[in-house]
Amino acid sequence: MAGGDNTIDPVHASIMTLLATGQITSRSDIARELGLAPSTVSLRVNELIETGIIVEAGTGRSTGGRRPRVLELNRTAGHVLVADLGGKHARVALVDLLGQPRQVEEVELDITEGPPAVLDRLATALTAMAKTGDSRTRGPEPSSDPGLGDLRGTALTLPGPVDVDHGWVDSPSRMPGWHRFPVRDWLVERFGVPCVIENDANAMALAAHHAHQPSIRHSIFAKAGTAIGCGLVIDGVIHRGSTGAAGDLTHVRVAAADHRACSCGNAGCLETIASGSALVQHVRADGMDVHTTTDVVAAARDADPIATTRIRSAGRALGETLSPVVNFVNPDAVFLGGVLSVVEPFVAAVRSQLYEGCHPLVTRDLYIGQSPVGIDAGVLGASRAILDHVLTPALN
Ligand SMILES: [Zn+2]
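To start, this report covers the structure provided alongside it. (Residues numbered from 1 in each chain as written. Predicted model: local features only at pLDDT ≥ 70, side-chain atom pairs only at ≥ 80, totals over all residues. Heavy atoms only, no water.)

Below, the discussion takes up the overall build of the chain. Counting secondary structure elements, the chain contains 13 helices and 14 strands. Rg of the C-alpha trace for the chain: 23 Å, near the compact-globule value of 21 Å for 396 residues, within the 12% margin. By residue count, 51% of the 396 residues in the chain fall in the buried class. Sequence-distant contacts, at least 24 apart, represent 60% of the contacts inside the chain between residues at least 6 apart. Taking the 33 positively charged and 43 negatively charged side chains of the chain as two groups, their mean positions are separated by 4 Å. (Helix = DSSP H or I, 4+ residues; strand = E, 2+ residues; numbered from the N terminus. Rg over C-alpha atoms; globule rule 2.2 N^0.38 Å. Buried < 20%, exposed > 50% of the residue type's maximum accessible area, 1.4 Å probe, protein only. Contact = heavy atoms within 4.5 Å. Lys, Arg positive; Asp, Glu negative; His and termini not counted. Charge placed at Lys NZ, Arg CZ, Asp CG, Glu CD.)

Attention now moves to the pattern of salt bridges. Going through the model one piece at a time under the given rule, you end up with 17 salt bridges. Residue Arg91 pairs with Glu106 through a salt bridge whose shortest N-O separation is 2.6 Å. Of this pair, Arg91 sits in strand β4 (residues 89–96) while Glu106 sits in strand β5 (residues 101–108), and the two are 15 residues apart along the sequence. For Arg91, a relative accessible area of 14% translates into the label buried. Judged by relative accessible area, Glu106 falls into the partly exposed class, the value being 42%. Through salt bridges with shared partners, a single ionic network connects Arg27, Glu56 and Arg69. (Salt bridge = Lys/Arg side-chain N within 4 Å of Asp/Glu carboxyl O.)

Protein ligation of the zinc ion involves His251 (ND1), Cys262 (SG), Cys264 (SG) and Cys269 (SG), the donor distances falling in the range 2.0 to 2.3 Å. For the zinc ion, the four donor atoms in the first shell make angles of 106 to 119° at the metal, a pattern classed as tetrahedral. Mapped onto the polypeptide sequence, the residues donating to the zinc ion form the spacing pattern H-x10-C-x1-C-x4-C. What makes Cys269 buried here is its relative accessible area of 0%. (Donors = N, O, S within 2.8 Å, 3.2 Å for Na, K, Ca; no water. Tetrahedral: all angles 85-135°; square planar, octahedral: opposite > 155°, others 65-115°.)

This part covers the packing of aromatic side chains. The final tally for this structure, using the stated rule, is one aromatic pair. Ring plane angle 50° and centroid distance 5.7 Å describe the contact between Phe335 and Tyr367, whose orientation is recorded as tilted. You can see Phe335 sitting in strand β13 (residues 333–337) and its partner Tyr367 sitting in strand β14 (residues 367–370), a full 32 residues away along the chain. Assessed through its relative accessible area of 0%, Phe335 is described here as buried. Taking relative accessible area as the criterion, Tyr367 reaches 31% and is therefore assigned partly exposed. (Phe/Tyr/Trp six-rings, centres within 6.5 Å; stacked < 30°, edge-to-face > 60°.)

This paragraph deals with the side chain of Asp84. Looking at the secondary structure, you find Asp84 in strand β3 (residues 79–85). Of the side chains with opposite charge, Arg91 lies nearest to the buried Asp84, which makes no salt bridge, at 6.1 Å. A polar contact of 2.4 Å, which involves the side chain of Asp84, links it to the side chain of Thr157. Sequence-distant contacts of Asp84, defined by excluding residues within four places in its chain, comprise His89, Ala90, Arg91, Thr157, Asp200, Met204, Gly378 and Val379. (Polar contact = N/O pair within 3.5 Å; in protein donor to acceptor, adjacent residues only side chain to side chain.)

Moving on, we come to the sheet that holds strand β9 (residues 195–199). Spatially, β5-β4-β3-β6-β9 is the arrangement adopted by the five strands of the open sheet, whose pairing is mixed. A strand with exactly one partner marks an edge of an open sheet, and here the two such strands are β5 and β9. Taking the axes of each pair of neighbouring strands and ignoring which way they run, one obtains an average angle of 15° across the sheet. The sheet contact formed by β4 and β5 spans seven bridges and is antiparallel. The partner of His89 across the bridge, within β5, is Glu108. Set on the sheet, helix α5 (residues 183–191) makes contact with β3, β6 (151–158) and β9; between it and β6 the angle comes to about 150°. Of the strands in this sheet, β3, β6 and β9 are in contact with helix α6 (residues 200–211), which crosses β9 at around 95°. (Pairing = 2+ DSSP bridges. Axes fitted to C-alpha atoms, helices over the stretch in contact; angles between N-to-C directions.)

Bringing the environment of Leu98 into the picture now. By the element assignment, Leu98 lies in the loop between β4 and β5. Considering only alpha carbons, one finds Leu98 and Ala307, 209 residues apart in sequence, at a separation of 41 Å.

Before going further, it helps to examine helix α8 (residues 276–285). Every buried residue of α8 is listed here: Gly276, Ala278, Leu279, Val280, His282 and Val283. Buried residues along α8 sit in contact with α7 (271–274), α9 (293–301) and α10 (305–329). Gly287 occupies a position one or two residues after α8 and carries a positive phi of about 100°.

Time to look at the pairing of strand β10 (residues 219–224). Summarising burial for β10: six of the six residues are buried, a large majority. Residues Ser219, Phe221 and Lys223 line one face of β10 and the alternating positions Ile220, Ala222 and Ala224 line the opposite face, and both faces are buried. Across six bridges, the pairing between β10 and strand β11 (residues 228–234) is antiparallel. The residue of β11 that forms the bridge with Phe221 is Gly231. Where β10 hands over to β11, the hairpin turn is made up of three residues, counted between the paired strands. As paired strands, β10 and β13 are joined by five bridges and run parallel to one another. Note on β13: the bridge partner recorded for Ala222 is Leu336.

Orientation of helix α1 (residues 10–21) relative to helix α3 (residues 38–50), taken along the N-to-C sense of each, is 75°, at an axis distance of 10 Å. For the element pair α1 / α3, the angle class is roughly perpendicular. Facing α1, whose interface residues are Val11, His12, Ile15 and Met16, α3 presents Val41, Arg44, Val45, Glu47 and Leu48. Looking at the contact of α1 with α3 residue by residue, the classes come out as six nonpolar, one polar and two charged. (Parallel < 35°, antiparallel > 145°, perpendicular 65-115°, else oblique. Nonpolar A, V, L, I, M, F, W, Y, C, P; charged D, E, K, R; others polar.)

Okay, here's the thing in structure tokens:
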């Protein structure tokens, strides 16, 4: 379905954003504002008219020549439903066609229950959200449509290696039953609209990349939560690699991991020292009563020395692993996301390792820090992916 380029088309986004202001209403205004050729703008505007996102509403005031047709954003043109799936919960959202989340909810679930149970739970939550959103936008009159209103598409992020061409996850760890389950087809059948699925770290990478100011070309995103994920954005586009596994840093061997057995069957992987689940084990072995990554983070934020020391080691290991990648890729930014990224000693440890391990020319202008998008990063990235698919009919 959606090809390799899972970003919302920036020209479409700019046109919609300009029209949303209400100040810009014609093709020539848009061309002037964006500094683009009128023919390019016309083509893109026509694509948006074709999808019903933009409507032509009469003619405007003439400035000498033919009176321009007035363009308006069709705010009732619809919405998309997206879900960002984690191990124990999902964030589900109703997102408008400008990519703005209108409703966001957290749903508790257990990914190990397998795809039919988990997808059904997600679909039920999304359907409920679409129905309330629908009645809200249509006022007190009951909607004649008992369905999903103007649903344009759905998107789902998954915490495993996503094969976007087949619409499934391939050989995920800790996701029993999900290997090559036709996730995208399941959602297309359930909702009857286009669907894209995406790896969670890739979706977050995309959202962070496009939210960063000033705009950048290349970035690396590392999600440091219960597990470690990584996404690479090159020239604004996710780099997936040959089999969709690009960005997998978690099973890189690090010296500090000291040959600990890993879930992948290998030993000494980054995951065994720097993931949230490893931190919980280590901090428990140090004698503290913690059960989740959030517990460890809370202890570190209370300046607990054991938790802080362990989290700092995790940051160093991540930074050490990222250094050769950063040297090789020479990105504009390294974004840190996930629950560990809110702990300053973690961010500082990554940063110091990168400064130490990279060539000065590589770190000279490099941004290293928290992702500019917070908890909704996965939702925002998934929204971009499906909106691009929906708003760019010519590419589909
Ligand atoms: Zn491993």
